[in-house]
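Inside the fold
Spelled out, the chains give:
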There are 2 protein chains.
Amino acid sequence: MELLSKFHEMLLKQKAYGYVLNIAGWDSATEAPKGAFARRAELLGIISGELFQLSTSNEYQEVVNGLFEVLDDLDDISRREIKKAKKALDKITKIPKNEFVEYNMLINLAQRKWEDAKENNDFAGFSDDLEKIFSYTKKFVEYYGIDDHPYNVLLDEYETGMSMTEYDNFFETLKVDLVPFVKQVLNSGKELNDDFITIFYDAEKQKVFAEYLVDVLNFDRDRGLMKKSVHPFTWNTHSGDVRFTTRYLENFMFSSIFAAIHELGHATYEQQIDPKWDATMLSGGTSMGIHESQSRFYENMIGRSYEFWEAHYWKLQEIFPEQLGNISLKDFHLAVNKVEASFVRVEADELTYPLHIMIRYEIERMIMSNEISISELPKIWNQKMVEYLGIQPKDDSEGVLQDVHWSAGLIGYFPTYALGSAYSAQFYYTMKKEIDIDELVKTNNIQVINEWLKEKIHNFGSSKDPLELLREVTNEDFNPNYYVRYLKEKYSKLYL
Amino acid sequence: MELLSKFHEMLLKQKAYGYVLNIAGWDSATEAPKGAFARRAELLGIISGELFQLSTSNEYQEVVNGLFEVLDDLDDISRREIKKAKKALDKITKIPKNEFVEYNMLINLAQRKWEDAKENNDFAGFSDDLEKIFSYTKKFVEYYGIDDHPYNVLLDEYETGMSMTEYDNFFETLKVDLVPFVKQVLNSGKELNDDFITIFYDAEKQKVFAEYLVDVLNFDRDRGLMKKSVHPFTWNTHSGDVRFTTRYLENFMFSSIFAAIHELGHATYEQQIDPKWDATMLSGGTSMGIHESQSRFYENMIGRSYEFWEAHYWKLQEIFPEQLGNISLKDFHLAVNKVEASFVRVEADELTYPLHIMIRYEIERMIMSNEISISELPKIWNQKMVEYLGIQPKDDSEGVLQDVHWSAGLIGYFPTYALGSAYSAQFYYTMKKEIDIDELVKTNNIQVINEWLKEKIHNFGSSKDPLELLREVTNEDFNPNYYVRYLKEKYSKLYL
């Protein structure tokens, strides 16, 4: 079919532009000197413009629309590709160009205003922009012409197939089952021997342990690498080149350890995708939520397990004999699973984390349903913090202003963070039936776990939608009870 | 002038493509994992193809040719730009496309055949390809339609303004004045206390000293960085982003020290270029020769001087107390200036280095004048080694096959290596009249030297041709006597 090969040819060219922009992005985030950026912005702007041109050109639109009209004649894979291409194209081309440009300017400025507002605890100085961002978002959703609740359109954008129906059920489950349990844990009165968490650990030595972890988790160094950056992230272009970063905070070593393990989860997913998807629209991990499920599985179910530290604590003690020589494995393991009510999402522990997300979901849902105004946000935020976590932020900087996301126009994105953990629990109980996870972790046989993940999940790239993949792997629709069960089992044992 | 701004717009776009390809190149050379390269080749090939398209399009040719016709109406800078653009364009467009493609395929294969030939000491296995490369080169030069000796066309390509007239005079000077002096030094019977050169030096510690050198030589870390790679090189995109590499050979520490200083010379040149040239055809250093003069000046005149080690030897001793604690400054300084007849150019010392280049120049000159055949190369090579350096290679691998250049089509390039050192001596004596170099080096005031270089040389980017720049700085045409004088003064003191 000639139109289809024309499509793939155009796609390959777009991928080439995306590729060089990706490499430049990696360079920017990990090593480019300050002086690079002024001219870099100008030159990369030109290449981005070329890519935008290619991906919205009349020629490309004709090809995609032409194929969309004959969708039924296509094989399954091509059909998925064209649907995805069409969806992406509609989102860009249905918005009037001038509004798209205005919005992007707004977003760029808003992120800087948010920074100032956060620094100066000045919600009022940012609320106008936030108002505008939400109102643009609502307008854009209308342009898409999808006959659904506007928030559903956004939720589906970040996690195909998810809507308020599923998320309401998810968070309701957490509210009913998890919130009381969290309070029980927080009030357990358990005392930890954990002073060693915040003492000094040399960054170079932390790096030695992070490199050890890269090998322990069987990351393929011929097809990737670890580096450091201010904010840890995973970067990939195809399964042959997957990189990630961690960071070394000398007064909080756990940051480097669990950031490395978390990113290794993302990176292993990308490394294990079948290269046959590279040239298609179905390359890369399938969704935010599934990606997060892989990183959370690594971080929490492997990395914070007792068995993991049975296998590897000796190494950390060897590197830091002064700091950890006298700390027992049991105390160490308790400390890596310390539960605390805290204000800031990114510092939250595994157990309280989803409650932070729940607050954001509920707020987004209300704004997108026109139930509350932007000016009410600080008040509502603080009420919910008290309700779910029992603590009240001292100001908006550690409250409603803490995250960059809304200032960047990311609305509907937050819920995928909690969803990832919930998915990971559902995968976990399926995997547990087939292989002995604890034993494999304890005996340092992560490769067997990786193989399972590859065969069931990673291999497929984006050729399956997230909920479809979940169903095929676990024989069940999305079921948040696994998540609550997992958290209760784990933290009852540790705290109650 | 509308055509001129059209030209600059097209140029900017080409620069943007060149920029992303440069970033990818840096990534390839310094960190991309093995697995990246297969797909990388495909995707970068597309971007390179786009750039080739842009830089040879009919539209671009019309603009450049249009401006070339009204050269006299342009301001001085635009005139230089257009001349340069026209020259580059003619070189690509005058060669029939099929021959250009054939040649590029030949070059790609020849480099791999050369590798094999070098490894197996098999000149015959490579000579057919070498024959073809020279014959393509001759044919291409004819296409250019320049009424001059073919070798002159190549010499001018790598160093604008240079021809056999200047080079013959240059190498004749070396042959008459330097060769006998080198023999005198080689036969001086001077014995060095230099066992410490090849003992073990930990790579991580070598890096500490290299980083120290970066600061000593006043490199601006906000606008660049040092990394490691297999072969040291300098990379830059504009004065705000200049990077270079060194390498750490644990049994030859001098390699990292002098590679770092050498590349710092290149890098400082690029950092000190006025940013106003960035958007023009006149960006970057002006020529191979001038660039090499800056790196050689740093490496040899600063880095191998007694004063430099008076100022910094303590630091190296502090890092390597076991290896250097008992080595005197005098012995150390002698060792970094050790003279030895050797077979391999890249390992040659400062004094014998130009004689290695002389051999290559004489051979290239004879081939391009059809005076010898390719099959005679090994014999001629060995004769010249005996004549100039008094030693005979045991085989072609350490003789005529040692360098990659010819297999990559780089003919007329070698002479710029020696020319750079000669330029640097001519600059040196001019600088000496104006500032006290020895004192500045000894008291660690490199910034004053850098300022001088910036004001006289670096600032100008490519807005002046090399010989024009040399004349303006030194008030004299190129004069190789300074080079011989410098070498004789230095090595008489050390050896005779």
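Above this text you will find the structure in question.
Throughout what follows, the structure given in this document is the object of discussion. Bear in mind the structure is a predicted one, so any value in this text is a computation, not a measurement. Just so you know, the residues in each chain are numbered from 1, in the order the chain's sequence is written. Numbering of ligands from 1 and lettering of chains from A proceed in the order in which they are written. Selection of residues for local features in this predicted model requires a pLDDT of at least 70, selection of side-chain atom pairs for listing and counting requires 80 or more, and totals for whole chains, interfaces and linings are taken over all residues. As a convention, hydrogens and water are excluded, and side-chain values are obtained from all of the structure's heavy atoms.

1. Here we look at the interface of chain B and chain A
For clarity, the threshold we go by: Only heavy atoms enter the contact rule, under which two residues are in contact if any of them lie within 4.5 Å. We define buried area as the total accessible area lost by two parts upon association, computed with a 1.4 Å probe and summed across both. Any carboxyl oxygen of Asp or Glu within 4 Å of a side-chain nitrogen of Lys or Arg constitutes a salt bridge here. Polar contact is the term for a pair of N or O atoms within 3.5 Å; when the atoms are in protein, one must be able to donate a hydrogen and the other to accept it, and sequence-neighboring residues count only if both atoms are side-chain atoms.
The interface is formed by 37 residues belonging to chain B together with 37 residues belonging to chain A. For the pair chain B and chain A, the summed buried surface comes to about 3,200 Å²; carbon and sulfur atoms form 62% of the total. A per-residue breakdown of the area chain B buries against chain A is headed by Tyr19, Glu31 and Arg39 of chain B, which together make up 18% of the total. Our count for the contact surface shared by chain B and chain A stands at twelve salt bridges. A salt bridge links Arg40 of chain B to Asp241 of chain A; its shortest N-O distance comes to 3.9 Å. On the surface where chain B and chain A come into contact, there are 23 residue pairs in polar contact (both at pLDDT 80 or more).

2. Some remarks on the packing of helix H9 (residues 203-216) of chain A against helix H12 (residues 306-319) of chain A
Residue and element names in this part refer to chain A. Quick reminder of the rule: Between the N-to-C directions of two axes lies an angle of 0 to 180 degrees, each axis being a line fitted to C-alpha atoms and, for a helix, fitted only over the stretch in contact. Strands are runs of DSSP state E lasting at least two residues, helices are runs of H or I lasting at least four, and both sets are numbered from the N terminus onward. An angle below 35 degrees is read as roughly parallel, one above 145 as roughly antiparallel, one from 65 to 115 as roughly perpendicular, and any other as oblique. In this scheme, a crossing is called left-handed if the near helix is turned counterclockwise away from the far one by less than a right angle; it is called right-handed if the turn is clockwise.
Between H9 and H12, the least distance of the axes is 10 Å, while the angle of their chain directions is 150°. Here H9 lies roughly antiparallel to H12, going by the angle between them. Judged by the twist between their axes, the crossing of H9 over H12 is right-handed. From H9, Lys205, Val208, Phe209, Tyr212, Leu213 and Val216 reach across to H12, where they touch Phe308, Trp309, Ala311, His312, Trp314, Lys315, Leu316 and Ile319.

3. Considerations on the sheet that holds strand E2 (residues 234-238) of chain A
Residue and element names in this part refer to chain A. What counts, and what does not: Note on pairing: two strands pair once DSSP finds at least 2 bridges between them.
The sheet built from three strands is open, its strands ordered E1-E3-E2 with mixed pairing. Since the sheet does not close on itself, it has two edges, and those belong to strand E1 (224-228) and E2, each with one partner. On average, adjacent strands in this sheet sit at an angle of 15° to one another, irrespective of strand direction. Here helix H1 (residues 2-30) sits on the sheet and contacts E1, E2 and strand E3 (241-246); the angle it forms with E2, its principal contact strand, is near 155°.

4. A word on the packing of aromatic side chains
All names here are of chain B. Condition: Two aromatic rings from Phe, Tyr or Trp, using only the six-membered ring of Trp, form a pair when their centres are within 6.5 Å; if the ring planes differ by under 30 degrees the pair is stacked, by over 60 it is edge-to-face, and anything between is tilted. Three labels apply to residues, based on accessible area from a 1.4 Å probe with only protein chains included: buried if under 20% of the type maximum, exposed if over 50%, partly exposed otherwise in between.
According to the stated counting rule, one finds 75 aromatic pairs over all chains in the structure shown. Judged by centre distance (5.7 Å) and plane angle (65°), the ring pair of Trp26 and Phe233 falls under edge-to-face. A residue pair is termed long-range when its members are at least 10 positions apart, and Trp26 in helix H1 (residues 2-30) and Phe233 in the loop between strand E1 (224-228) and strand E2 (234-238) qualify at 207 residues. Residue Trp26 is classed as buried on the basis of its relative accessible area, which comes to 1%. When the centroid spacing of 5.9 Å and the interplanar angle of 20° are considered together, the rings of Phe52 and Phe100 count as stacked.

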